[in-house]
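Structural overview for review
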Amino acid sequence: MSELLSTSKLSKRYGKKFALHDADIHIPQGEIYGLIGRNGAGKTTLLKLINSQITATSGEIHLKGQKMRFGVPTIRIGALVESPGLYPDCSARENLVYKAIALGHNKPGYIDRLLSIVELSDTGKKKAKQFSLGMKQRLSIALALVDDPELLILDEPINGMDPQGIKDIREMLVKINREMGATILISSHILDELAKFATRYGIIKDGKVLREFTREQLEQENRSDIRIESPQIEQIEAALREGMAFTRMQRQGDNTLLVQEGVERHEQVSRLLFDKGLYVSQFYVRHESLEDYFMGLTGGTVQ
Ligand code: ATP
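Here the residue index of a chain counts from 1 through its sequence in written order. The predicted nature of this model means local features are confined to residues of pLDDT at least 70 and side-chain atom pairs, given and counted, to a pLDDT of 80 or more, with totals for whole chains, interfaces and linings taken over all residues. With hydrogens and water excluded, all non-hydrogen atoms of the structure serve as input to the side-chain values.

1. Describing the overall build of the chain
- Under the scheme used here, helices are H or I runs from DSSP no shorter than 4 residues and strands are E runs no shorter than 2 residues, and both carry numbers assigned from the N terminus. Looking only at helices and strands, one finds 10 helices and 15 strands in the chain.
- Here the globule rule is a power law, 2.2 Å times the number of residues to the power 0.38, and the radius of gyration is based on C-alpha atoms. Taking 2.2 N^0.38 as the reference for a compact globule, 303 residues should give roughly 19 Å; the C-alpha atoms of the chain span a radius of gyration of 24 Å, well beyond that estimate.
- Seen through its principal axes, the chain has C-alpha atoms that stretch 75 × 50 × 35 Å.
- Working definition: with a 1.4 Å probe on protein chains only, accessible area under 20% of the residue-type maximum means buried, over 50% means exposed, and in between means partly exposed. When burial is assessed residue by residue, the chain has 48% of its 303 residues classed as buried.

2. Digging into the site of the ligand
- For each residue, the test is whether any non-hydrogen atom lies within 4 Å of the molecule or strand; if one does, the residue is near. In the vicinity of the ligand, the residues found are Tyr14, Lys17, Ala19, Arg38, Asn39, Gly40, Ala41, Gly42, Lys43, Thr44, Thr45 and Glu156.
- In this structure, Asn39 approaches the ligand through a side-chain N or O atom, which is 3.2 Å from an oxygen atom.
- Relative to its unbound accessible area of 630 Å², the ligand is 58% covered by the protein chains.
- For the shell around the ligand, the secondary structure elements donating two or more residues are strand 2 (17-23) and helix 1 (43-50).
- Per-element tally for the shell around the ligand: the top contributor is helix 1, with 3 residues. Pairs of N or O atoms within 3.5 Å make up the polar contacts considered here, provided that, within protein, one atom can donate a hydrogen while the other can accept it, and that residues adjacent in sequence are counted only when both atoms are side-chain atoms. Method for areas: the Shrake-Rupley scheme with a 1.4 Å probe, in which residue coverage is limited to the protein chains shown.

3. Some points on helix 1
- Most of helix 1 is tucked away, with 7 of its 8 residues classed as buried.
- Immediately downstream of helix 1, the backbone of Ser52 shows phi near 55 degrees, a positive value.

4. Some remarks on the layout of surface pockets
- There is about 350 Å³ of room inside the largest pocket.
- In this analysis the probe radius is 1.4 Å and the grid spacing 1 Å, with only protein atoms considered; a cavity is a set of points the probe fits into but cannot get out of, a pocket is an open set with protein on both sides within 12 Å along at least five of seven lines, and lining residues have an atom within 4 Å of a point. The wall of the largest pocket is formed by 21 residues, among which Ala79, Pro84, Lys99, Leu143 and Ala144 lie closest to the centre.
- The set of elements that each furnish at least two residues to the lining of the largest pocket consists of strand 7 (77-80), helix 2 (92-103) and helix 4 (133-144).
- Per-element tally for the lining of the largest pocket: the top contributor is helix 2, with 5 residues.
- Under the scheme applied here, ten amino acids are nonpolar (Ala, Val, Leu, Ile, Met, Phe, Trp, Tyr, Cys and Pro), four are charged (Asp, Glu, Lys and Arg), and all others, including Gly, are polar. Here the residues of the lining of the largest pocket sort into 12 nonpolar, 7 polar and 2 charged. Grid points are joined across faces, edges and corners, and a volume is the space filled by probe spheres set on the points.

5. Here's the deal with the sheet that holds strand 13 (residues 249-252)
- Strands pair, by our definition, only if DSSP identifies at least two bridges between them. Strand order in this open sheet of 4 strands is 13-14-12-15, and the pairing throughout is antiparallel. What marks the edges here is a single partner per strand, and that holds for strand 13 and strand 15 (282-287). On average, each strand axis in the sheet is tilted by 20 degrees relative to the strand beside it, whichever way the strands run. The axes are straight lines fitted to the C-alpha atoms, using for helices just the contacting stretch, and the angles between their N-to-C directions are given from 0 to 180°.

6. Quick word on the pairing of strand 9 (residues 183-188)
- By the criterion of burial, strand 9 is predominantly enclosed, with 6 of the 6 residues buried.
- Taking every second residue as pointing to the same face, both faces of strand 9 are buried, with Thr183, Leu185 and Ser187 on one and Ile184, Ile186 and Ser188 on the other.
- Sheet topology places strand 4 (residues 32-36) next to strand 9; 5 bridges connect them, and they run parallel. Considered in strand 9, the bridge of Ile36 is made with Ser188.
- Direction of pairing for strand 8 (residues 151-155) relative to strand 9: parallel, over a ladder of 5 bridges. Across the sheet, residue Leu152 finds its bridge partner in strand 9, namely Ile184.

7. A word on the pairing of strand 4
- For strand 4, a buried count of 5 out of 5 residues is recorded, marking the element as mostly surrounded by other parts of the structure.
- Covered by surrounding structure in strand 4 are Ile32, Gly34 and Ile36 together with Tyr33 and Leu35, the residues of both alternating faces.
- As judged from the 4 bridges shared by strand 4 and strand 10 (residues 200-205), these two strands associate in the parallel manner. Within the sheet, the bridge partner assigned to Ile36 lies in strand 10 and is Ile203.

Right, here's the structure in full:
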């Protein structure tokens, strides 16, 4: 898959402090890229640089392999970074029509399609200021889509929303990605929410991009294991080697065994130990969440 956007040693310094330091990210076309970091990590700074809302201290942004000049992107970019720019006294449709006029867009049916994709088709004359937080957020995203962007940039769009609102936005973004073909760059500190739909991730901390990985890599690294405690741990290890053909097992101390494979067959494992008459004092199946994984990388709390 070709790269739609990449940054190379991108930095932004305010006084002596780097808000972003030598950041390299790579976003292939068609992906949903989740930029994950706690508050103050540098997410908004990176998004504003890509959206030409601020200038870089150093480094480069490449769009489809070509160096971007400040304010002159060679692809269509739609963004929701800090200012939603809604007209509070106008309806959803009016908001979209005014923006389309300002951008010189008059593709027939496009506003209807946007209203439908963000599920605001039936809001009629209701003014934006009367909308719920979720509706306002969906309208703001529709406004970012008026230019039919190849890249949609969203800064913490699910912040402060209730679980239903978060689910609606998530489903909507997947639709925008699949049906409109937009590549999406979305920032969040709600890690497990991004895990449900992002296809690639970048972890940012203290202005540095620590690592990028794909969903497949995350799933592989997302370690799950079975932890068994028993005074007969040697026999248990032998029984699992023989009866389940397990090889990825690790002893911890004298009476604990971590089984790092076959987690989905945990019922079979416990049945085997029971049938062999082996005494087990504790048996846990552990799943590491994205949040735990992230904490492991950054060391500390998320927020
Ligand atoms: P949040 O979720 O809190 O918005 P963030 O990851 O988006 O966090 P940024 O807003 O990019 O973080 O900020 C990164 C760092 O740069 C922070 O320490 C912030 O205080 C600092 N910073 C951002 N903008 C400015 C500015 N205009 N002047 C001085 N410092 C700034």
